[in-house]
Every structure is written in structure tokens, then in C-alpha cells.
Amino acid sequence: MVEVYEFWTMIISLVVVKLCHWVYKWRNPTSNGKLPPGSMGFPIIGETLEFMKPHDAFQLPTFLTTKILRYGPVFRTSLFGAKVIISADMGLNMEVAKTNHAPGAPKSLARLFGENNLFVQSRESHKHVRNLTTQLLGSQGLRLSMIRDIDSLARTHMEVGAKNGGLDVKETTSKILIECLAKKVMGDMEADATKELTHCWRYFPRGWFRFSWNIPGNGVYRMLKARKQMMNLLKETVLKKRESGEQFEEFFKIIFGEIEGGSKTMSIEEAIEYIFTLFVLANETTPAVLAATVKLINDNPKVKQELRTEHERIVRDKTEKGEADLTWEDYKSMTFTQMVINESLRISSTVPTMLRTVEHELHVGDYTIPAGWIFMGFPSVHFNPEMYEDPLAFNPWRWEGKDLRGILSRTYMPFGVGSRLCVGAEFAKLQMAIFIHHLCRYRWSMKTETTVLRRFILMFPHGSNVQFPEDTEVNNSAG
């Protein structure tokens, strides 16, 4: 009996020692030099729960500000089971972005996009898909083909919303975007297929950034299930079109032109992965940012009135010319609208806009950042009072007289930086401007209970609904 007791005592002691050793190694990761200061939190969980606490979308998270006060602008942590360096040092962020090209993301996000996705593979494959996307979403593509469709869809959805007394900005923008991209990329789709495609989106917002455990019923499981449904739907549509000899839209011809021969080849599976990723990235960014922008406009009557004045002028000018549809010139004339969008993007960029995997050991002053760690760069310069007077205030007039076409500078980087700079930046700004144009043709208000939070992604706990009074009349002199 004594021997059995001693045996189990020894086993338990060994397990405890091993567990303590594992915890110690977790909390004190090794490096060839001195790691940046910080805390790794609990094993596996790290500091994820604290990092993911909802916070005011227009202020930097408490997690970041507290850590900066304690450790400085560069510190280490553990999130989603990965070793992470977080930086609020803009010089370091720019350097890492220029010298490291592999995206940094938790496994749940990598699973969403797929291991073989061209967006997240080598620098060469990423450059290839960037070139493809530029042909669709670059300024030339927008000017020639996109603006008319976005204008028509925004006008139609706004009219329906006005008749119904209101609409949800995020949901409506998502519908406009899906319909627009689906038409340009896939061509005409069957009504049931379009409905099913739209239906799948509801599984993504809560499943993006979380632990990668794929357990039946949890967020990652539902997200991956929706991904599979969408991939099958897209593939089925593509194969049906090819078999029937139906004409593809111009953009799809570009992709299949590469499949049929050229310096770069893309398989059917890669093409579907590419289209899927394009849809996901577009749908999970612009609609939420636009909804947050409308909230900011609603809460600032002076801004709201200035926008109404600008868009009434555009409608009046088009009426005099006998025109209806918005043109590229109309879009470029929306000066104050561009100022509003720039300011909204500045104040709502309260998450890392630069995510990389450190490819080679990096030395930062006395510290060493090991290869393989994820690097998250926050655009803290957006809230630097030396760069922006009263940085927490929503003040579009601060952009007066500045270059409104720029999407990147050392003090402004809502679309990322380096080789991963968002290629759809101009497309996002175009869609936001056109939506605001049509919204300002009505009398509207946003529900008072509307709040905008961030839990890495933007969240609207009470929706993002705008209301139109019963006696509202659209200024439709321009259509």
C-alpha cells in the first residue's frame, strides 16, 4: 500500500514539475537576444480575452493604452495561441511592412481563407492576385464600369428603405456590394444562388478572430461550414457557365485567360479561392466602416448639414445638364464628403492595420524579435495630438486643403502599408461616397440607441438603422 502511494506521489510530482516547466517556458519564450518587455498571459489563451474586450470604436482599446504605459510602444504578448509583438511605433511599423511580406493572422483566419489561397502565399502569388484585383477595383476599372452599378444599386436600395421607413446601413451596404461584385465577377447568377450566397455571410462577423478550435456548433465550425457552402456555390456557378458556353463577364475572362495559357497559370480551385477571398474581404470591411461613418455624421449636425448642401449642389448641377447617373467627375467633386470619409477612417482605425509574420530575426534597439512571431502594427499616430489637434474629436475640416486622394502617409494609414496595402481602398471610398450621396437626398436620422463598438471587428449591438420620416421626399431632380 505504501509503495502504491509513493508511486502515485512520484507520478503526480513529475506531472506537476512538467506542467510548471511548460508554464514557465510559455511565459518566458526564448530568443537569440533580449525580447521586448511584456506578458504572455496564461498558456494557450495568453491575453486574448483582455485583448478582445469590446471597446469604444473611436478610441484606442484600453488593452493597448495600458500596455503602452507599462511597457512602452513595443511589447510582446500572446493572442489566439500565437506569439505576438504589438507595436505603436510608426517608424518600426513602416520598416516591418516594407521588409516582411507574409501576412500575420490567427489560425482561424488562415482557415477561413484556405491554406492554398494566393492572397496569403508567396510574395509573387500575392503580387499576381493584386494585379488581377487592380484591373477590377483600381481607379480605371471603377471609372469605366463600377460607378454606374454602385450608383444604380444605392439609389434603388435607398428608395426601398425610404418607402419602408428605414434601413440598416451595414446590411444594405453589404447587399449592394455583393450584388455589384457578383455581377462584375460572376455575371448573372440564378436568384436562388444569389440568395444563398447572401445568406452565408451571417456566419462570418463573429467567427473571424477567435481560437481555431473546430468543434461542432462553435463559431469556427459554422464559419468553415459557410465557407464550404460558398465555395461549392461559386464553383457550381462557374462550371455551369463553362459547360453551357455562357459568356463570362470581362473580369472573369481575364482570370480564365490566364488559366488557358500565359506566364502565370491559375487552376479552377485557385480562381474560386480568389473570388471567395475578394468577396469576404470586401464584405467584412466597407459596410461596417460606412455604418460607423453614418453614426458619426448623425451625431454631428454641422457635418450633416454641410454634406446635405454639397449633395444638393451636385443634384442641382446634374438637373441643369439633363443628366441622371453619377459620373466619375461627380464623385471627384464631393470634396467635403471625401473629408468626412478620411476623418472617419482615421478615427475608426483603432485596430492593427498592419499584420505580418516576421520572416527574419529583427533587431529593434536593445531588443530582438524572433522570426515566426506575428507582428501587429497599430496606427496610433492617428491619435497623436502632435499630428492631429484634439485627435479624439470627429472634425472633417481638419482635412481642408489637404490631398484627399492619398490613402497612405506616415501619419495616415487606415488601409495598411507596404506590399499588403489594401488594393480596394479607392473602391471602398467610392462606395461610401455614393451611399452618402443618396442618403443625403432624404431627411434621415439614426436611432439614438445605435452604438459602435470594436471587438477587433466593428460591432453594432443595436443595429445600424437609419429612419426616414413618413413625409420624407427624395430630391430626385437628378434621377
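A brief report on the enclosed structure follows. (Residues numbered from 1 in each chain as written. Predicted model: local features only at pLDDT ≥ 70, side-chain atom pairs only at ≥ 80, totals over all residues. Heavy atoms only, no water.)

This next bit is on the overall build of the chain. The helix and strand tally for the chain stands at 17 helices and 12 strands. Relative to its 479 residues, the chain shows a buried fraction of 52%. Long-range pairs, those at least 24 residues apart, make up 74% of the contacts in the chain between residues at least 6 apart in sequence. When the accessible area of the chain is evaluated, it comes to approximately 22,900 Å², of which 53% is carbon and sulfur surface. (Helix = DSSP H or I, 4+ residues; strand = E, 2+ residues; numbered from the N terminus. Buried < 20%, exposed > 50% of the residue type's maximum accessible area, 1.4 Å probe, protein only. Contact = heavy atoms within 4.5 Å. Areas by Shrake-Rupley, 256 points an atom, 1.4 Å probe, with all protein chains shown as cover.)

In spatial order, the strands read β1-β10-β11; together these three strands make up an open sheet with antiparallel pairing. Looking at the sheet topology across the chains shown, the edges are occupied by β1 (55-56) and β11 (457-459). Two strands pair when backbone bridges link them, and β1 and strand β10 (residues 453-455) are joined in this way by two bridges, in the antiparallel orientation. From the neighbouring strand, Asp56 faces β10, where its bridge partner is Leu453. (Pairing = 2+ DSSP bridges.)

Core analysis: the largest hydrophobic core is formed by 94 residues, its most contacted members being Phe51, Ile86, Val169, Val294, Phe435, Val466 and Phe468. When residues in this core are grouped by element, the largest group, 10 residues, is from helix α17 (residues 425-439). Residues contacting Phe435, with those up to four places away along its chain left out, are Met158, Leu167, Val169, Thr172, Thr173, Ile176, Leu290 and Val294. Grouped together as the second largest cluster of nonpolar side chains are 18 residues, Leu92, Met354, Phe375 and Met413 included. (Core = buried A, V, L, I, M, F, W, Y, C linked by side-chain atoms within 4.5 Å.)

Quick look at the packing of helix α14 (residues 301-321) against α17 now. Where α14 meets α17, the axes come as close as 9 Å, and the angle between the chain directions of the two elements is 85 degrees. Taken together, the axis directions place α14 and α17 in an arrangement best described as roughly perpendicular. Contacts between α14 and α17 involve Leu307, His311, Ile314 and Val315 on the former and, on the latter, Ala433, Ile436 and His437. Here the residues of the contact of α14 with α17 sort into five nonpolar, two polar and no charged. (Axes fitted to C-alpha atoms, helices over the stretch in contact; angles between N-to-C directions. Parallel < 35°, antiparallel > 145°, perpendicular 65-115°, else oblique. Nonpolar A, V, L, I, M, F, W, Y, C, P; charged D, E, K, R; others polar.)

This part takes up the pattern of salt bridges. Here the idea is simple: oppositely charged side chains can pair when their charged atoms come close. If you walk through the whole model with that rule in mind, you get nine salt bridges. Note that Asp299 and Lys295 form a salt bridge whose closest N and O atoms lie 3.2 Å from each other. We note a salt bridge from Glu343 to Arg398, for which the minimum N-O separation is 2.9 Å. One end of the pair, Glu343, is in helix α16 (residues 335-348); the other, Arg398, is in the loop between β8 (374-377) and α17, with 55 residues separating them in the sequence. Overall, Glu343 belongs to the buried group, its relative accessible area being 0%. Residue classification places Arg398 among the buried positions, given a relative accessible area of 12%. (Salt bridge = Lys/Arg side-chain N within 4 Å of Asp/Glu carboxyl O.)

Bringing unusual backbone geometry into the picture now. In this structure, Asp390 takes a positive phi of about 50 degrees despite not being glycine. Looking at Asp390, the relative accessible area reads 51%, which means it is exposed. For Phe456, which is not glycine, the phi dihedral falls at a positive 75 degrees. Mapped onto the elements of the fold, Phe456 is located in the loop between β10 and β11.

Working note: regular strand, side chains alternate between the two faces of the sheet. A large share of strand β3 (residues 82-87) lies buried, amounting to five of its six residues. Hairpin connection, strand β2 (residues 74-79) to β3: the antiparallel pair is bridged by two residues, and Phe80 has positive phi, about 55 degrees. Sheet topology places β3 next to β8; four bridges connect them, and they run parallel. Looking across to β8, one finds that Val84 is bridged to Ile374.

Here His437 lies in helix α17. Discounting residues that sit within four places of it in the chain, His437 has contacts with His311, Ile314, Val315, Leu326 and Met334.

Below, the discussion takes up the pairing of β2. In terms of residue burial, β2 counts as a mostly covered element, since six of its six residues are buried. Taking every second residue as pointing to the same face, both faces of β2 are buried, with Val74, Arg76 and Ser78 on one and Phe75, Thr77 and Leu79 on the other. Pairing between β2 and β3: six bridges, direction antiparallel. What sits directly across from Val74, in β3, is Ser87.

To continue, consider the environment of Leu453. If you trace the backbone, Leu453 turns up in strand β10. The class for Leu453 is partly exposed, based on a relative accessible area of 26%.

Taking strand neighbours across the sheet as the criterion, the three strands line up as β4-β12-β9 in an open arrangement whose pairing is antiparallel. Taken across any chain shown, the strands that pair with only one partner, and hence form the sheet edges, are β4 (166-168) and β9 (445-446). Where β4 and strand β12 (residues 465-467) come together, three bridges link them in antiparallel fashion. Its bridge partner lying in β12, Asp168 is registered against Asn465.

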